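Each chain is listed here by its residues.
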Amino acid sequence: MKHVKLLILTTVVVMFSTTVNAHGDKNHDKEAHDKEAILKIIDGIKYGWENGDGKPFRQNFLDFKGARYIESGGQNAGLDSLVTHHVEPEKDALEYLKLDFSDIEVNFEGDFAWAVATTRVKGKVRNSERTFDKSGYQTFLFRKINDQWKVVHTHSSSRDYKPKKQQVKSEKHDSKDHKH
């Protein structure tokens, strides 16, 4: 009888832990799938900027009245303004544009998500030969509509890239001379 009770108890514990793990894995798989979809959108945005191609923006941005996309103090009101007055003209205005997003963090609240990234943008202006190298941050806001993530707002801010200075260690260091 004691063995039967132990067997029943073990079976219940195994069933419960399997149910909890399966439920947790389903949520984890959904979040991983959503994160992958958002990272793919961000990669498309990178491609669009670098190539002056508005297609990734038109596919992945929600076009709605009141939409605004902000960059280092400037803004585009609406998707069409962003694409036709900013993204596409840069292809002709710049000899090259290189954009990197790194340290991308994606967060979810139901059907709302946001991503924050470190940015680095380099380019060369065609008519002046002026080059630029800037670093900063980018924020993307997303809304899930009909099971697809759409960008509803972006905000980027950057300044001239200045690498952090590395500390130079003194070759001679006497612990007796060091005071706190």
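Heads up: these notes are all about the structure in this document. All values reported here derive from a predicted model rather than from experimental measurement.

1. Regarding the overall build of the protein chain
Helix and strand content of the protein chain: 3 helices and 6 strands. Listed by position from the N terminus, the elements making up the protein chain come as α-α-β-β-α-β-β-β-β. Burial statistics for the protein chain: of 180 residues in total, 28% are counted as buried. A separation threshold of at least 6 residues defines the contact pool for the protein chain, and within that pool the share at least 24 residues apart is 53%. Counting only carbon and sulfur atoms, one obtains 52% of the accessible surface of the protein chain, whose full area is about 13,400 Å².

2. Side note on the packing of aromatic side chains
According to the stated counting rule, one finds 7 aromatic pairs in the structure shown. Ring centres of Trp49 and Phe57 lie 5.5 Å apart, and the angle between their planes is 80°; this geometry places the pair in the edge-to-face category. Through a chain of ring-to-ring contacts, the aromatic side chains of Trp49, Phe57, Phe61 and Tyr69 assemble into a single cluster. Taking the ring centre of Tyr161 as reference, the NZ or CZ of Arg120 above it sits at 3.3 Å.

3. Brief notes about unusual backbone geometry
Non-glycine residue Asn146 carries a positive phi angle of around 50°. Mapped onto the secondary structure, Asn146 falls in the loop between β5 (131–145) and β6 (148–160). Positive phi, normally seen in glycine, also occurs at Asp147, with a value near 65°. On the basis of relative accessible area, Asp147 is assigned to the exposed category, the value being 65%.

4. A look at the pattern of salt bridges
With the rule as written, the count across this model stands at 11 salt bridges. Each of Lys30, Asp34, Lys144 and Asp147 takes part in one network of salt bridges that share partners.

5. What to know about the nonpolar core
Of all hydrophobic cores here, the largest spans 28 residues; its most connected members are Ile45, Trp49, Phe57, Phe61, Leu82 and Phe142. Elements that contribute at least two residues to this core include exactly α1 (2–51), α3 (79–93), β3 (94–109), β4 (112–125), β5 and β6. Setting aside residues up to four positions removed in sequence, Phe57 forms contacts with Ile45, Gly48, Trp49, Leu79, Leu82, Val83 and Val87.

6. Structural notes on the sheet that holds β3
Strand order in the open sheet formed by 6 strands is β2-β1-β6-β5-β4-β3, with mixed pairing between adjacent strands. Whereas interior strands pair on both sides, the edge strands pair on one side only; in this sheet they are β2 (74–77) and β3. Averaged over all pairs of adjacent strands, the angle between their axes in this sheet comes to 20°, without regard to strand direction. In this structure, β5 lies alongside β6, joined through 12 bridges in antiparallel fashion. Counterpart to Lys144 in the pairing with β6 is Trp149. Most of the contacts of α3 go to β3, to which it runs at about 140°, and overall it touches β1 (68–71), β2, β3 and β4.

7. Structural notes on the pairing of β1
Bridging between β1 and β2 involves 4 bridges; their strand directions are antiparallel. Counterpart to Arg68 in the pairing with β2 is Ala77. Where β1 hands over to β2, the hairpin turn is made up of 2 residues, of which Ser72 adopts a positive phi near 40°. Here β1 pairs with β6 via 3 bridges, running parallel.

Conventions and cut-offs
- Residues numbered from 1 in each chain as written.
- Predicted model: local features only at pLDDT ≥ 70, side-chain atom pairs only at ≥ 80, totals over all residues.
- Heavy atoms only, no water.
- Helix = DSSP H or I, 4+ residues; strand = E, 2+ residues; numbered from the N terminus.
- Buried < 20%, exposed > 50% of the residue type's maximum accessible area, 1.4 Å probe, protein only.
- Contact = heavy atoms within 4.5 Å.
- Areas by Shrake-Rupley, 256 points an atom, 1.4 Å probe, with all protein chains shown as cover.
- Phe/Tyr/Trp six-rings, centres within 6.5 Å; stacked < 30°, edge-to-face > 60°.
- Lys NZ or Arg CZ within 6 Å of the ring centre and 35° of its normal.
- Salt bridge = Lys/Arg side-chain N within 4 Å of Asp/Glu carboxyl O.
- Core = buried A, V, L, I, M, F, W, Y, C linked by side-chain atoms within 4.5 Å.
- Pairing = 2+ DSSP bridges.
- Axes fitted to C-alpha atoms, helices over the stretch in contact; angles between N-to-C directions.

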